[in-house]
Amino acid sequence: MKLTFLGTGAASAYPLPFCQCAYCRTAREQKGKNLRRRSSVLINSDLLIDLGPDVFPSACEYGIDLTKVRFLLQTHAHSDHFDPGHLITRIPEYAGQGISRWNLAASRETLRKMGRRLCGEEPGVDLFDPKWKEKLNLAVFPVSAGESIQLGTYHVTALDACHDESEQALIYAVRQGGRELLYATDLCRLEAASWEILKGFSFDYVILDQTYGPGTTGGGHLNADQVVEIIAEMRSQGILKPNGESYATHLSHEGNPPHNELARFAASRGYQIAYDGLVLETEE
Ligand SMILES: [Zn+2]
Ligand SMILES: [Zn+2]
Ligand SMILES: [Zn+2]
């Protein structure tokens, strides 16, 4: 299993375009791993998690051919995770003929919201309408928290992100060829029901939301201290393999210092900080 981080920033990216805080100023000056696009990840070459606004510039920069994507897991439809302007280019008027069919999985509420946001691009789009699914060349798979589906060679389990109840935001556990990954961006907390499901896994990689830095609190997301607690609990329960790796993503300037300083904080607590363009790959 190969994992490529196309973005590791929170909704407002990092640095924020107009922010003058010390973290954003340093990121602007030092560039490199301090520049974070909106969060998205590609598994192998064919499974994309979140069609965010920065997916295409990242793909161009890292030499990734997005025409190979066959599967899209959408965590939710917030603007930093779903750009309707990208998806609408699948209709024949934009992309011409011969593009590969996509298989899209998300919660029903997220699919409805994606449809409403697509209407800003083309009036009347409805992801449950066969006519629009055909036009967008999509098969749509509604999933609920606790459910599993098979998408090609991927066995995908959805869990509650507790992030936005209005659209039932989800995180995903993905199993393929004996390898297991948890991608948990925009996670607010893991409920008891989610922990029960997670006990059935032994992850190679656990990727967790860390919108807020150490000692910083905010709504709807994890902070660094909660990430440390969750990873320790997963290791103690064997949910994360002894040699498994854990990374933080979806990082904002709120308490998260520039990369090197944050990476030192994480290393001293047994996890790592993802950055744009980072590739993780398991040996077969
Ligand atoms: Zn987000
Ligand atoms: Zn800032
Ligand atoms: Zn969100």
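Residues numbered from 1 in each chain as written. Chains lettered and ligands numbered in written order. Predicted model: local features only at pLDDT ≥ 70, side-chain atom pairs only at ≥ 80, totals over all residues. Heavy atoms only, no water.

Quick word on the overall build of the protein
(1) Moving on: Across its full length, the protein carries 9 helices and 14 strands.
(2) Moving on: Taken against the 2.2 N^0.38 rule, which gives 19 Å for 284 residues, the C-alpha radius of gyration of the protein at 18 Å falls within 12% of a compact globule.
(3) Moving on: A burial count over the protein gives 54% of its 284 residues as buried.
(4) Moving on: Residue pairs at least 24 apart in sequence account for 68% of intrachain contacts in the protein once pairs closer than 6 positions are excluded.
(5) Moving on: Accessible area for the protein stands at about 11,600 Å²; split by element, carbon and sulfur atoms hold 50% of it.
(6) Moving on: Averaging the coordinates of the 28 positive side-chain charges in the protein and doing the same for the 36 negative ones gives two points 3 Å apart. (Helix = DSSP H or I, 4+ residues; strand = E, 2+ residues; numbered from the N terminus. Rg over C-alpha atoms; globule rule 2.2 N^0.38 Å. Buried < 20%, exposed > 50% of the residue type's maximum accessible area, 1.4 Å probe, protein only. Contact = heavy atoms within 4.5 Å. Areas by Shrake-Rupley, 256 points an atom, 1.4 Å probe, with all protein chains shown as cover. Lys, Arg positive; Asp, Glu negative; His and termini not counted. Charge placed at Lys NZ, Arg CZ, Asp CG, Glu CD.)

A look at the coordination of the zinc ion (ligand 1)
(1) Moving on: Only Asp80 (OD), His81 (NE2), Asp186 (OD) and His250 (NE2) from the protein coordinate the zinc ion (ligand 1), and they sit 2.1 to 2.3 Å from it.
(2) Moving on: Because the angles between the 4 donor atoms bound to the zinc ion (ligand 1) fall within 90 to 161°, the donor set is best described as irregular.
(3) Moving on: Spacing between the donor residues of the zinc ion (ligand 1) along their common chain follows D-H-x104-D-x63-H.
(4) Moving on: Taken as a pair, the zinc ion (ligand 1) and the zinc ion (ligand 3) lie 3.5 Å from each other and share Asp186 as a ligand. Here the residue His81 occupies a position in the loop between strand S4 (71–73) and helix H3 (84–87), and His250 occupies one in the loop between strand S12 (240–249) and helix H9 (259–267), the gap between them amounting to 169 residues.
(5) Moving on: Judged by relative accessible area, His250 falls into the buried class, the value being 1%. (Donors = N, O, S within 2.8 Å, 3.2 Å for Na, K, Ca; no water. Tetrahedral: all angles 85-135°; square planar, octahedral: opposite > 155°, others 65-115°.)

Quick notes on the environment of Ser12
(1) Moving on: If you trace the backbone, Ser12 turns up in the loop between strand S1 (2–7) and helix H1 (22–30).
(2) Moving on: Residue classification places Ser12 among the partly exposed positions, given a relative accessible area of 32%.
(3) Moving on: For the pair formed by Ser12 and Ser252, sequence separation is 240 residues and the distance between their alpha carbons is 7.3 Å.

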